[in-house]
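Secondary and tertiary structure notes
Here is how the chains run, residue by residue.
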Amino acid sequence: MNINKYKGIMTISLPGFDIKRWKTYADWRLLIFLLLFINVRIPFKIVALIFVYISQFNFQFGFKLRNSRIPLFYLLVFPIAIAAAVINQNFSNLYYIPVFGWALICWALALLAVHQVKLMVDKTDAETIYRTLIIFFIINAAFSAGNLTHIMWITKSINPYAFMGMHQRYYINTGDNVMGISFDISSTNAVICAFGVFYFIYKNSLPMMIVCMSTLALTYSNLISILVLLILAFIFVYKTTRNQKSMIVVALLLYVISLVKISPQNEKYINEVTKSTLRENRIEKQGHAAVQATTANPGGRFITRDEQRRRFAQNYLDSLSRIKAEQEKPSALDKKIKSLPLTDDGRLYIPAPNTHFAEFYNTGEMTPDRQQLIDCIAAHRAQLSLCRLEPFNPALPGKITGAIQTFNYLTSHPLQSIVGLAPGNFSSKIAFRAVGAGIRGNYPPKYIYINPAFMHNHLDLYLSFFSKDAGFRSVRNNPYSTYDQMLSEYGILGLLALLIFYIGFFARHYKKLSYGLPILIMVTGIFFLDYWFEQLSVLVIFELMLLLNIKETTTPHLKTKTTVQEELAYA
């Protein structure tokens, strides 16, 4: 088999097949580990770790206060979590023990994963990892295409993004089902593809960039896509060659074309969400201003008798004109007929409805997951103040309200602000899961655990939005956030550990990073959107790429060969 090693192009020739060359073409152990570990199922993640530790037995983590081998954050999070649980006396509730234990298991799995990733980066040359990542992203794109093909088969439509049948089961939500190799939510697939877009732009691999950007576009994860577009605009003017700028333009065009031609309803949805978020009651303000204008005496000056007579005469004439206008006023039916739009040939024009609005969804059908939320509200209604509000008209998106809840709670409980409320007690995946309402996964009903602070804040907020119609069930309305998790459950110490010993561990190399810089910016942005450490998926790709980029930039002779010479002057 003949393979071009540097352009990511594989030419198959059966007579020339060489098994030895295939063995060294990629790091197959790394590939198997990635494919298993990013799977949403925990057993797959455990199998992935067992596999790599059997093939490469090593527990020398190399933690140091200065120049630590891997982020010191993974070590610090354990004592902070234990201290928080002890201070808050959480262990007095036996149902909390499995919640706390699961939180520590997740941190342990993340630690074991980053250690093995670091070992493989140190022992494998950059070019082999580059080819391994090419195979990984091709497999992910193939699975994503398989997800889309399956939907096309079900809907019997070549473009399910525009298919409005089956009660709009897919339509604007089609991208939510493009899960890729992780089999997780589509935003996970979108983030992984975004990493690939930045990586292959700096590697000057146009075909692979197109593969990753096309897969990202298929997910239509709007918040992720907006973040990617902003970062692409940033790197367009910062430290990229002319060839890379051209690839950025291609990436932008791909997304715009997909938005306009494949799923224009997503564009309309984004516009409507923006308008609804920023809309003000202008009519009420204008009416209030009009009342003030008619009752105020400009300048506070004295009105003379002649001016009073003039105003009286003017009001009299105005009243006569008003009476005449009322008599000549057309009927309501005449107004409606005249206001109807006409086509060029004089026929009545009936505009198509905006089908991206929530009222066009089959919201009357009660889905099992929504029913679980309603049952949860019924069981705890007295403690859920937001869920009792009727009508429910939130002034802010749920994500912003969640951040405000965390700030208000910690300012009113200063002692807990130091080390937090402990894992699973305020803002985390395990906190939602332990409710037993099917949020973020199933949980044994007999072991349900809900902390009162969580009940009155983030749980109440989540249920108030996601138990409602489709218009409320949006990513912008959930309180998920890694920053919020670290601050509320691990306190100021936990948030500082995240910023200094995790983000700072990679950011200190920012002057030398190439593709690592936009990927790092991407991660600092997505930390506002979900509990990514508990996901145990995208961060292992992030850590692999950043550790690889640091290795490449600190040892120049190990740089990956690309289709364009790296000595090109930056444009």
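In case you missed it, the structure is sitting above this.
The following refers to the structure shown. (Residues numbered from 1 in each chain as written. Predicted model: local features only at pLDDT ≥ 70, side-chain atom pairs only at ≥ 80, totals over all residues. Heavy atoms only, no water.)

Attention shifts here to the overall build of the protein chain. Along the backbone of the protein chain there are 23 helices and two strands. The proportion of buried residues among the 571 residues of the protein chain is 47%. Taking contacts inside the protein chain between residues at least 6 apart in sequence as the whole, the part at least 24 apart equals 73%. Summing over all exposed atoms, the protein chain offers an accessible surface of approximately 29,100 Å²; the carbon and sulfur share of this is 64%. (Helix = DSSP H or I, 4+ residues; strand = E, 2+ residues; numbered from the N terminus. Buried < 20%, exposed > 50% of the residue type's maximum accessible area, 1.4 Å probe, protein only. Contact = heavy atoms within 4.5 Å. Areas by Shrake-Rupley, 256 points an atom, 1.4 Å probe, with all protein chains shown as cover.)

Given 3.6 residues per helical turn, the α-helix brings residues three or four places apart onto the same face. With 15 residues, helix α9 (residues 222–236) should cover 21 Å at 1.5 Å per step; its first-to-last C-alpha distance of 21 Å lies within 8% of that length. The set of residues buried in α9 consists of Asn222, Ile224, Ser225, Leu227, Val228, Ile231, Leu232 and Ile235. (Expected span 1.5 Å × (residues − 1).)

Inspection of the entire model under this criterion finds four salt bridges. Taking the shortest distance from any N to any O, the salt bridge between Asp122 and Lys118 comes out at 3.4 Å. With a gap of four residues between them, Asp122 and Lys118 both fall in helix α5 (residues 96–123), about one helical turn apart. Looking at Lys118, the relative accessible area reads 16%, which means it is buried. A salt bridge links Asp530 to Arg440; its shortest N-O distance comes to 3.0 Å. Linking Asp530 in the loop between α21 (516–526) and α22 (532–535) with Arg440 in the loop between α18 (429–433) and α19 (452–466), this pair joins segments that are 90 residues apart in sequence. Among the residues examined, Asp530 registers a relative accessible area of 5% and is labelled buried. (Salt bridge = Lys/Arg side-chain N within 4 Å of Asp/Glu carboxyl O.)

The next point concerns the side chain of Glu534. As for its position among the elements, Glu534 is in helix α22. Lys429 provides the closest opposite charge to the buried, salt-bridge-free Glu534, at an N-O distance of 7.1 Å. Among the polar contacts listed, one links the side chain of Glu534 to the backbone nitrogen of Ile430, at a separation of 3.2 Å. Those residues in contact with Glu534 that sit more than four places away from it in its chain are Ser428, Lys429, Ile430 and Gln485. (Lys, Arg positive; Asp, Glu negative; His and termini not counted. Polar contact = N/O pair within 3.5 Å; in protein donor to acceptor, adjacent residues only side chain to side chain.)

This part is about α19. Under the 1.5 Å per step criterion, the end-to-end length of α19 is 20 Å for 15 residues, consistent within 8% with the ideal 21 Å. In terms of residue burial, α19 counts as a mostly covered element, since 13 of its 15 residues are buried.

Remark: α5 packs on helix α23 (residues 538–554), axes separated minimally by 10 Å, with the N-to-C direction vectors making an angle of 35°. Here α5 runs over α23; the crossing is right-handed. Contacts from Ala113, Val114, Val117, Lys118, Val121 and Asp122 of α5 reach α23 at Val540, Glu543, Leu544, Leu547, Leu548 and Lys551. Partitioned by chemical class, the residues of the contact of α5 with α23 number eight nonpolar, no polar and four charged. (Axes fitted to C-alpha atoms, helices over the stretch in contact; angles between N-to-C directions. Left-handed = near helix turned anticlockwise from the far one by under 90°. Nonpolar A, V, L, I, M, F, W, Y, C, P; charged D, E, K, R; others polar.)

Looking now at the environment of Thr128. Following the sequence through the fold, Thr128 ends up in helix α6 (residues 126–155). By relative accessible area, which is 8% here, Thr128 ends up buried. Beyond its immediate sequence surroundings of up to four residues, Thr128 is in contact with Thr24, Tyr25, Ala26 and Asp27. Among the polar contacts made by the side chain of Thr128, one reaches the side chain of Asp125 at a distance of 2.7 Å.

Looking now at the nonpolar core. Within the largest apolar cluster, 119 residues are counted, with the highest numbers of intra-cluster contacts made by Phe33, Phe195, Tyr502, Met522, Phe527 and Phe542. Sort the elements by how many residues they give to this core and α5 lands first, with 13 residues. Leaving out residues up to four positions away in the same chain, Phe542 has contacts with Phe195, Tyr502, Phe506, Ile519, Leu520 and Val523. Residues Cys387, Ala431, Leu461 and Tyr462 belong to the second largest nonpolar core, which totals 22 residues. (Core = buried A, V, L, I, M, F, W, Y, C linked by side-chain atoms within 4.5 Å.)

Turning next to the side chain of Ser221. Looking at where Ser221 falls in the secondary structure, it is placed in the loop between α8 (206–219) and α9. Excluding its chain neighbours within four sequence positions, the residues that come into contact with Ser221 are Ser187 and Ala190.

Nonpolar side chains collect at one region of the surface, where Phe234, Phe236, Val237, Tyr238, Val249, Leu253 and Ile257 lie side by side and expose about 620 Å² of accessible area between them. Among the secondary structure elements, those contributing two or more residues to the nonpolar patch are α9 and α10 (242–262). Ranked by the residues each element gives to the nonpolar patch, the list is headed by α10, at three residues. (Patch = residues over 30% accessible without salt bridge, like charges linked within 9 Å, V, L, I, M, F, W, Y side chains within 5 Å.)

Before going further, it helps to spend a moment on the packing of aromatic side chains. Summed over the entire model, instances satisfying the criterion amount to 45 aromatic pairs. With centroids separated by 4.8 Å and ring planes inclined at 80°, the aromatic side chains of Tyr199 and Tyr515 adopt a geometry described as edge-to-face. Within this pair, whereas Tyr199 is found in helix α7 (residues 186–202), its partner Tyr515 is found in the loop between α20 (482–507) and α21, the two being separated by 316 residues in sequence. Take Tyr515: its relative accessible area is 1%, and that puts it in the buried class. Aromatic pair Phe392 and Phe465: ring centres 5.1 Å apart, planes at 85°, arrangement edge-to-face. With Phe392 in the loop between α15 (368–379) and α16 (398–412) and Phe465 in helix α19, the pair connects residues that are 73 residues apart, well separated along the chain. The pair formed by Phe392 and Phe465 is uniform in burial state, with each residue classed as buried. Lying across the ring of Phe37, Lys45 places its NZ or CZ 5.4 Å from the centre. Above the plane of the ring of Tyr480 lies Arg440, whose end atom (NZ or CZ) is 4.6 Å from the centre. (Phe/Tyr/Trp six-rings, centres within 6.5 Å; stacked < 30°, edge-to-face > 60°. Lys NZ or Arg CZ within 6 Å of the ring centre and 35° of its normal.)

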